[in-house]
Amino acid sequence: MISHPCFDDVLLEPVFSNILSRQDVDLSTEFLGLNLSIPVTNSNMDTIASPALSKVLADYGTVASLHRFCTIKENVDAFNASVYNGIKPIVSLGLGPVELERLLALFTAGARIFLLDVAHAANIAVTKTYNLYTEKFPQAKFI
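Procedures and definitions
Residues numbered from 1 in each chain as written. Predicted model: local features only at pLDDT ≥ 70, side-chain atom pairs only at ≥ 80, totals over all residues. Heavy atoms only, no water. Helix = DSSP H or I, 4+ residues; strand = E, 2+ residues; numbered from the N terminus. Buried < 20%, exposed > 50% of the residue type's maximum accessible area, 1.4 Å probe, protein only. Polar contact = N/O pair within 3.5 Å; in protein donor to acceptor, adjacent residues only side chain to side chain. Contact = heavy atoms within 4.5 Å. Arc of directions from axis to C-beta. Phe/Tyr/Trp six-rings, centres within 6.5 Å; stacked < 30°, edge-to-face > 60°. Lys NZ or Arg CZ within 6 Å of the ring centre and 35° of its normal.

Participant: So what's going on with the side chain of Glu-99? Which residues, and what values?
Facilitator: Along the chain, Glu-99 turns up in helix α3 (residues 97-109). Given the relative accessible area of 7%, Glu-99 is considered buried. Within the local environment of Glu-99, its side chain forms a polar contact with the backbone nitrogen of Gly-94, the two atoms lying 2.6 Å apart. Those residues within four positions of Glu-99 in sequence are excluded, and the remaining contacts are Arg-68, Leu-93, Gly-94 and Tyr-133.

In C-alpha cells form, the structure reads like this:
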C-alpha cells in the first residue's frame, strides 16, 4: 500500500506577532508593476469576469482578470470597458495562432499583463507559447 501525504501531515506553526489589531495590517502589495491595496483578484471564468466586476475591484484597489472565451473584438471591447481608475485588467490567453492574434489586439488596446489560461502548464506547448509571447512582446508581463 502506498501512503500519500495529506493535510493531516501539515502543521502550521504560529509565530509571535507585535500587531495589536487586524486594523493595523497593511495588505498593499506590488504585483507585476501594479500597486494593489489588496492582493486579490477574481477567477477568469466567463461567468464571473466582466467590466462591471473590474470596476468594483478597481474601487477596492485591486486588479480584475478577464476571460478569453469570446471573439477577439469582444475581448478588446471588454478590456476597454474594464479600465477604471487607471487599473488595466489582466487578460487571459490560450495557446495557438488565434491566441497570438488575441494577444496582438489586446496589447494594441493597452493590455500589458496576460494570463496563460491552460489546464496543465507543465507542458511543452505552454513553454513554446510562453517563449514566443515573451519574444514578440517583451514589454508585456505573463503569468
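Structure's up, so let's keep going.
Participant: Account for helix α1 (residues 51-59), with residues named and values stated.
Facilitator: For α1, the full list of buried residues reads Ser-54, Leu-57 and Ala-58. Considered in projection along α1, the buried side chains sweep an arc of 100 degrees and stay on one side of the axis. Of the surrounding secondary structure, the elements contacted by the buried residues of α1 are β3 (65-66) and α2 (72-82). Phi turns positive, to about 85 degrees, at Gly-61, one or two residues after α1.

Participant: I'd love a proper account of the environment of Asp-77, names of residues and values included.
Facilitator: Within the secondary structure, Asp-77 sits in helix α2. With relative accessibility at 38%, the residue Asp-77 sits in the partly exposed group. Separated by 26 residues in sequence, Asp-77 and Pro-51 have C-alpha atoms that sit 9.3 Å apart.

Participant: Residues and numbers for the packing of aromatic side chains, please.
Facilitator: For any pair of aromatic rings, the description rests on two quantities: the centre-to-centre distance and the angle between the ring planes. Applying the stated criterion to the full structure yields four aromatic pairs. Judged by centre distance (5.6 Å) and plane angle (25 degrees), the ring pair of Phe-114 and Phe-142 falls under stacked. Of the two residues, Phe-114 is situated in strand β5 (residues 113-116) and Phe-142 in strand β6 (residues 141-142); the sequence distance between them amounts to 28 residues. Look at Phe-114 and you get buried, because its relative accessible area is 0%. Using a relative accessible area of 14% as the deciding quantity, one classes Phe-142 as buried. Through a chain of ring-to-ring contacts, three or more aromatic side chains come together here, namely Phe-114, Tyr-130, Tyr-133 and Phe-142. The ring of Tyr-84 is capped by Lys-55, whose NZ or CZ atom sits 6.0 Å from the centre of that ring. Looking at Arg-112, its charged tip hangs above the ring of Phe-107, at a distance of 3.6 Å from the centre.

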